[in-house]
Amino acid sequence: MAVAVRVKVVGTEQFEELARRLRETGNGAIAREMAKSLRASAEPAKAAAEQSVLGLPISGHSSGRGRAQREAYLLSRRKRVSARMAQRIREGAGLRASTANALRTEVTASARTARLRIKVQKSLLPPGMRKLPKHMNSGKWRHPVWGNREVWVAQTAPPHWFDDPMQTEGPQVRDAAQQVVSSYLKRL
């Protein structure tokens, strides 16, 4: 399940009214422009979440050679390794950077739903990391060491890396989104 925070916007009737009017006019350019403006209004919250996850101190039992071990493991999984592939593996992002890169802003406006949502898009994460943002938000998780199901390690991090920035920035995002919706209602 994706990590997402839903901020209930009082007055979503305006948003739904705007979506209805946009459908009636059939002007997709205005709808795309409005969605772009709404995404921009959510950018401060998304940036705060990115900074929060990138600065997250994660602790657990480690040999201190995580990057070297990951590189050796990934290189051993390939039959042929070009110089370019080896370089990409060496520069491979870790958990925090991958999670920050997977943060997305989603705007939906339909007859029944009007929403602006910031979430971690799991499909942008490597298959083995897709559940980790949610566990990181809870503050603790366990995993096998390099896929060895006989050796497990527990890791901890300060909880709420995602929830806290969303609660802090939520009111500003809500106000900015309402201003965007009001301005587009006036244009139509």
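Data block above holds the structure.
Parameters and conventions
- Residues numbered from 1 in each chain as written.
- Predicted model: local features only at pLDDT ≥ 70, side-chain atom pairs only at ≥ 80, totals over all residues.
- Heavy atoms only, no water.
- Pairing = 2+ DSSP bridges.
- Helix = DSSP H or I, 4+ residues; strand = E, 2+ residues; numbered from the N terminus.
- Axes fitted to C-alpha atoms, helices over the stretch in contact; angles between N-to-C directions.
- Parallel < 35°, antiparallel > 145°, perpendicular 65-115°, else oblique.
- Left-handed = near helix turned anticlockwise from the far one by under 90°.
- Contact = heavy atoms within 4.5 Å.
- Nonpolar A, V, L, I, M, F, W, Y, C, P; charged D, E, K, R; others polar.
- Phe/Tyr/Trp six-rings, centres within 6.5 Å; stacked < 30°, edge-to-face > 60°.
- Buried < 20%, exposed > 50% of the residue type's maximum accessible area, 1.4 Å probe, protein only.

Both strand β5 (residues 140-145) and strand β6 (residues 148-156) contribute to a ladder of 6 bridges, which runs antiparallel. Each bridged residue has a counterpart across the sheet, and for His-143 the counterpart in β6 is Val-153. Connecting β5 to the next strand, β6, in antiparallel fashion are 2 residues, including Trp-146 with a positive phi near 50 degrees.

Attention now goes to the packing of helix α2 (residues 28-41) against helix α8 (residues 163-187). Where α2 meets α8, the closest approach of the two axes is 9 Å, and the angle between their N-to-C directions is 160 degrees. Between α2 and α8, the angle is such that the two are roughly antiparallel. Once α2 is placed against α8, the crossing between them reads as right-handed. Packed against α2, whose contacting residues are Ile-30, Glu-33, Met-34, Ser-37, Leu-38 and Ser-41, the element α8 presents Val-173, Ala-176, Ala-177, Val-180, Val-181, Tyr-184 and Arg-187 at the interface. Of the residues contributing to the contact of α2 with α8, the split by class is 9 nonpolar, 2 polar and 2 charged.

Glancing now at the pairing of β6. Pairing geometry for strand β2 (residues 59-60) and β6, over 2 bridges, is antiparallel. For Gly-60, the partnering residue across the bridge sits in β6 and is Gln-155.

This paragraph deals with the sheet that holds β6. Spatial ordering of the open sheet is given by β2-β6-β5, a layout of 3 strands whose pairing is antiparallel. Each having just a single partner strand, β2 and β5 make up the two edges of the open sheet.

Another aspect to go through is the packing of aromatic side chains. Applying the stated rule across the entire model yields 1 aromatic pair. Taken together, a centroid distance of 5.4 Å and an interplanar angle of 70 degrees make the contact between Trp-161 and Phe-162 edge-to-face. The burial state of Trp-161 is the same as that of Phe-162; both residues are buried.

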